[in-house]
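Fold and contact review
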Amino acid sequence: MKYRELGRTGWKISTVGFGAWAIGSMWGEVNDHESLAALHRALDLGVNFFDTADVYGDGHSERMIAKLRRERKEPFYVATKAGRRLNPHVADGYNRANLTAFVERSLKNLEVETIDLLQLHCPPTDVYYKPEVFEALDGLVKAGKLRHYGVSVERVEEALKAIEYPGVQSVQIIFNIFRQRPAELFFAQAKKRKVGILARLPLSSGMLSGKMTRASTFAKEDHRNFNRHGEMFDRGETFSGVDFETGLKTVEMLRPLAPKGMSMAQFALRWIQMHPAVTCSIPGAKRPSQVEENARAADFPSIAKAKMAAVEKIYATRIRPLVQPYW
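Every chain's residues receive numbers from 1 upward, in the order its sequence appears when written. Only residues with pLDDT of at least 70 are given local features in this predicted model, and only at 80 or more are side-chain atom pairs given and counted; all residues enter the totals for whole chains, interfaces and linings. Think of the side-chain values as coming from all heavy atoms in the structure, minus any hydrogens and water.

Description of the pairing of strand β6 (residues 115–121)
- When you tally the buried positions in β6, you get 7 out of 7 residues, the bulk of the element.
- Pairing geometry for strand β5 (residues 77–82) and β6, over 4 bridges, is parallel. Its bridge partner being in β6, A82 is matched across the sheet by L120.
- Read as a crossover between parallel neighbours, the route from β5 over helix α3 (residues 96–110) to β6 is right-handed.
- Pairs of strands are assigned from DSSP output, requiring at least two bridges between the strands. Per the convention used, a helix needs a DSSP run of H or I reaching at least four residues, while a strand needs a run of E reaching at least two, with both numbered from the N terminus. Pairing analysis gives 6 bridges linking β6 to strand β7 (residues 146–152), with the strands arranged parallel. Paired with L120 across the strands is V151, a residue of β7.
- Here a crossover is taken to be right-handed if, once the strands point away from the viewer, the path from the first strand over the helix to the second is traced clockwise. In this fold, the crossover linking β6 to β7 by way of helix α4 (residues 131–142) has right-handed handedness. Throughout this description, buried means an accessible area under 20% of the type-specific maximum (1.4 Å probe, protein chains only), exposed means over 50%, and partly exposed covers the range between.

So this is what it looks like as structure tokens:
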């Protein structure tokens, strides 16, 4: 495993983390015994950064990570998120009282006195133009409820606005072979301000794992079944906003670029690591075997320049027109 520094926190975190959405909800059937085994395997392999949220299984994901902490002595970092419990999910809901209540609930779920990293959970764009929201987060840091805070965003422009606030230590953003715009507009500014970047959906909801086919089916409660057109939340959260058929065809164009002995998923994760501005990618996993495949992506050598250029060409011709104008 390799490690990079997260923002100005002083933390050295694994370049491949553990995304805990899947062990909470909206990714089909989940077995808690298997999920806990996956969490343990991640620690075994040097993963020391776990990303969750208060709405993943209505706190179940956070509680699973608390159980992991009880069972292991190794130190690790936990990032959670707040805001999506709001109903309706509106900018005015991001106020001191609500944020404090969300934080208190996560503290209880995680069984800690201080949250390592709290991220605003893809709030409405107007939140980034409310300095009082970030003042409230500063207050929670001073009160000892948070060590640090950051944001999880949908769009590049939201990320650029968020890092104007000096307390923002990290930005979580969709970045993968199918969503390359952050590298063009945002990464340089984040690096200049020493803000960490967490790449979410690094495998594009599993599409970039190379394991899906036209015959693939998804459970009723799996967002890959019910949110392909943004029926429940931003459609970019499902397959990066790329339609299923196009995604499958593009993966077949990418597959020959993966070196011998490297799976398609490992190639996609190693591609992200080729961008030094990215601190960590956070692929999801529900089973130990998935964790092993993901974590070992960090062990591979750099991807050759010619192959990086080939990925860029495929993106430019097949994917860019479908995603670039929207996120």
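Thoughts on the packing of aromatic side chains
- A pair of aromatic rings is counted whenever rings of Phe, Tyr or Trp (Trp by its six-membered ring) have centres within 6.5 Å, and the orientation is called stacked for planes under 30 degrees apart, edge-to-face for over 60 and tilted otherwise. In this structure the tally under the stated criterion is 14 aromatic pairs.
- Each ring, one from F18 and one from F50, has its centre 5.6 Å from the other, and the planes form 35°; the classification is tilted. Highlighted residues: F18 in strand β3 (residues 18–19) and F50 in strand β4 (residues 49–51), separated in sequence by 32 residues.
- Of the residues examined, F50 reaches a relative accessible area of 0% and is grouped as buried.
- Ring-pair connections join several aromatic residues into one group, and the members of that group are W21, Y56, F226 and F233.
- A ring has a charge above it when a Lys NZ or an Arg CZ is no more than 6 Å from the ring centre and no more than 35 degrees off the ring normal. One cation-aromatic arrangement involves R69 over F76; the distance from NZ or CZ to the ring centre is 4.6 Å.
- When the ring centre of F244 is taken as reference, the NZ or CZ atom of R228 above it lies at 4.5 Å.

Comments concerning the side chain of H275
- As for its placement among the helices and strands, H275 is situated in the loop between α10 (264–273) and β10 (280–281).
- Those residues in contact with H275 that lie beyond four places of it in its chain are R4, F175, A183, F187 and M308. The contact criterion used throughout is that any non-hydrogen atoms of two residues lie within 4.5 Å.

Side note on the sheet that holds β6
- Spatially, 8 strands are ordered β3-β4-β5-β6-β7-β8-β9-β10 in an open sheet, and the strand pairing comes out parallel. Of all strands in the sheet, those bounded by a partner on one side alone are β3 and β10.
- With 5 bridges joining them, strand β8 (residues 168–174) and strand β9 (residues 196–200) adopt parallel strand pairing. Residue pairing for β9: I173 is matched across the bridge by A199.
- Axis angles are defined between N-to-C directions and span 0 to 180 degrees, where every axis is a line fitted to C-alpha atoms and, for a helix, only to the segment in contact. On the sheet, α3 packs against β5, β6 and β7 and is oriented at approximately 135° with respect to β6.
- Helix-sheet contacts for α4 involve β6, β7 and β8, and the interaxial angle to β7 is about 155°.

Re the pairing of β5
- With 5 of its 6 residues buried, β5 lies for the most part within the structure.
- Summarising the sheet, β4 and β5 pair through 3 bridges and their orientation is parallel. Across the sheet, residue F50 finds its bridge partner in β5, namely V78.
- Of the crossover connections in this fold, the one passing from β4 over helix α2 (residues 60–71) to the parallel β5 is right-handed.

A word on the pattern of salt bridges
- We count a salt bridge whenever a side-chain nitrogen from Lys or Arg sits within 4 Å of a carboxyl oxygen from Asp or Glu. Per the stated rule, a full pass over the model turns up 25 salt bridges.
- A salt bridge links K249 to E245, with the shortest nitrogen-to-oxygen separation between them at 4.0 Å. With K249 and E245 both in helix α9 (residues 244–254) and 4 residues apart, this pair spans about one turn of that helix.
- The partly exposed category is assigned to E245, whose relative accessible area is 30%.
- A cluster of three or more residues bridged by salt bridges with shared partners is formed by R41, D44, R72, E74 and E292.

Everything listed is a geometric property; what it means functionally is a separate question.
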